[in-house]
Amino acid sequence: MEDLGAVVWPPEPVRTGRLVLRASEIRDRAAFIELLASPEVHAYLGGPRPRDELEREMPGAPERWPGSFVVDLDGSMIGQILLRRATGHRRPAAAGKIDLGYLFLPRAWGFGYAAEACAAALGWLAGALPGEPVVLTTQSANAGSMRLAAKLGFTEVERFEAWGAEQWLGMRSPATPSG
């Protein structure tokens, strides 16, 4: 995966009704460690990373690169949105397209934050890189991610076997201006 290329980063914070999408800050380090070490978060992602390894290796302001948004609720990080160019994607249909990824702390599940944050990130992307199609890959067994993909307008391109499980690849075509 590569970054997004010629985009202004960090952008002005993206605000929704309840959330702020922003670049990471030093104050987010503990939440990033919690997110990456969580067995629940990584149930469909190959498992969590060891907390002690994360503590040693994580920089002060983690994940500070174009396309990595912290999802902030009332001043605290609850998740991350990732937008990266899928240059080395295993599936030809996804290669070179923008790939949407997301991780949320379990305490933030079930409140619609992922849908709200992903929609806002996709809106930002449409303004920053107009006309870009976006792909999303998830395990087909991950019911929550499958529902979110449908809600965000992703349609199935293919299913394939990888990492010992069936994967689902969806695509969201760029919005076409009306009239």
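Reading guide: rules and limits
Residue numbers run consecutively from 1 along every chain, following the written order of its sequence. Per-residue local features of the predicted model are confined to residues with pLDDT of at least 70, and side-chain atom pairs are confined, for both listing and counting, to 80 or more; whole-chain, interface and lining totals are unaffected and use all residues. Only hydrogens and water are set aside when side-chain values are computed; all heavy atoms of the structure are taken into account. Where helices and strands are cited, they refer to DSSP runs of H or I of at least four residues and of E of at least two residues respectively, numbered from the N terminus. We compute the radius of gyration from the C-alpha atoms alone; for a globule the expected value is 2.2 Å times N to the 0.38, where N is the number of residues. Working definition: with a 1.4 Å probe on protein chains only, accessible area under 20% of the residue-type maximum means buried, over 50% means exposed, and in between means partly exposed. Note on contacts: a residue pair qualifies if any of its non-hydrogen atoms lie within 4.5 Å across the two residues. Seen with its strands pointing away from the viewer, a crossover is right-handed if its path from the first strand over the helix to the second goes clockwise. Two strands qualify as a pair provided that DSSP identifies no fewer than 2 bridges between them. Helix span, as expected, comes to 1.5 Å for every residue beyond the first. Fitted lines through C-alpha atoms serve as axes, helices being fitted only where they are in contact, and the angles separating the N-to-C directions of these axes extend from 0 to 180 degrees.

(A) Structural context of the overall build of the protein chain. Secondary structure assignment for the protein chain yields 4 helices and 8 strands. The N-to-C order of helical and strand elements in the protein chain reads β-β-α-α-β-β-β-α-β-α-β-β. Whereas a compact globule of 179 residues would reach a radius of gyration of roughly 16 Å, the protein chain reaches 16 Å, a difference of no more than 12%. Once the C-alpha set of the protein chain is aligned to its principal axes, its extents read approximately 45 × 40 × 30 Å. Within the span of the protein chain, comprising 179 residues, buried residues form 47% of the whole. Relative to all contacts within the protein chain whose residues are 6 or more apart in sequence, the contacts with residues 24 or more apart total 63%.

(B) Broad picture of the pairing of strand β6 (residues 134–139). Of all the 6 residues making up β6, 5 are buried; the element is thus mostly covered by neighbouring parts of the structure. Once the chain exits strand β5 (residues 98–104) it traverses helix α3 (residues 113–128) before rejoining the sheet at β6, and the crossover so formed is right-handed. For β6 and strand β8 (residues 165–172), the ladder comprises 6 bridges, and the chain directions are antiparallel. Pairing of Gln 139 across the sheet is with Gln 167, part of β8.

(C) Layout of unusual backbone geometry. Cis geometry marks the peptide bond from Trp 9 to Pro 10; its omega dihedral reads -5°. Relative to the assigned elements, Pro 10 resides in the segment before β1 (14–15). The phi angle at Asp 74 is positive, at roughly 50°, despite the residue not being glycine. For Asp 74, the position within the fold is in the loop between β3 (68–73) and β4 (76–85). Residue Asp 74 is classed as exposed on the basis of its relative accessible area, which comes to 74%.

(D) Here's a closer look at α3. In a regular helix each residue adds 1.5 Å, so 16 residues correspond to 22 Å; α3 covers 22 Å between its end C-alpha atoms and thus fits that length. Along α3, the residues that are buried comprise Tyr 113, Ala 115, Glu 116, Ala 117, Cys 118, Ala 120, Ala 121, Leu 122, Trp 124 and Leu 125.

(E) Just the sheet that holds β4, in detail. Here 8 strands make up an open sheet; going across it, the order is β1-β2-β3-β4-β5-β6-β8-β7 and the pairing mixed. At either end of the open sheet lies a strand with only one pairing partner, and these are β1 and β7 (155–162). Sheet topology places strand β2 (residues 19–22) next to β3; 4 bridges connect them, and they run antiparallel. Directly across from Arg 22, in β3, lies its bridge partner Val 70. Packing of helix α1 (residues 29–37) onto the sheet brings it into contact with β3, β4 and β5, and relative to β4 it is tilted by some 70°.

It is worth stressing that arrangement in space is one thing and function is another; only the former is reported here.
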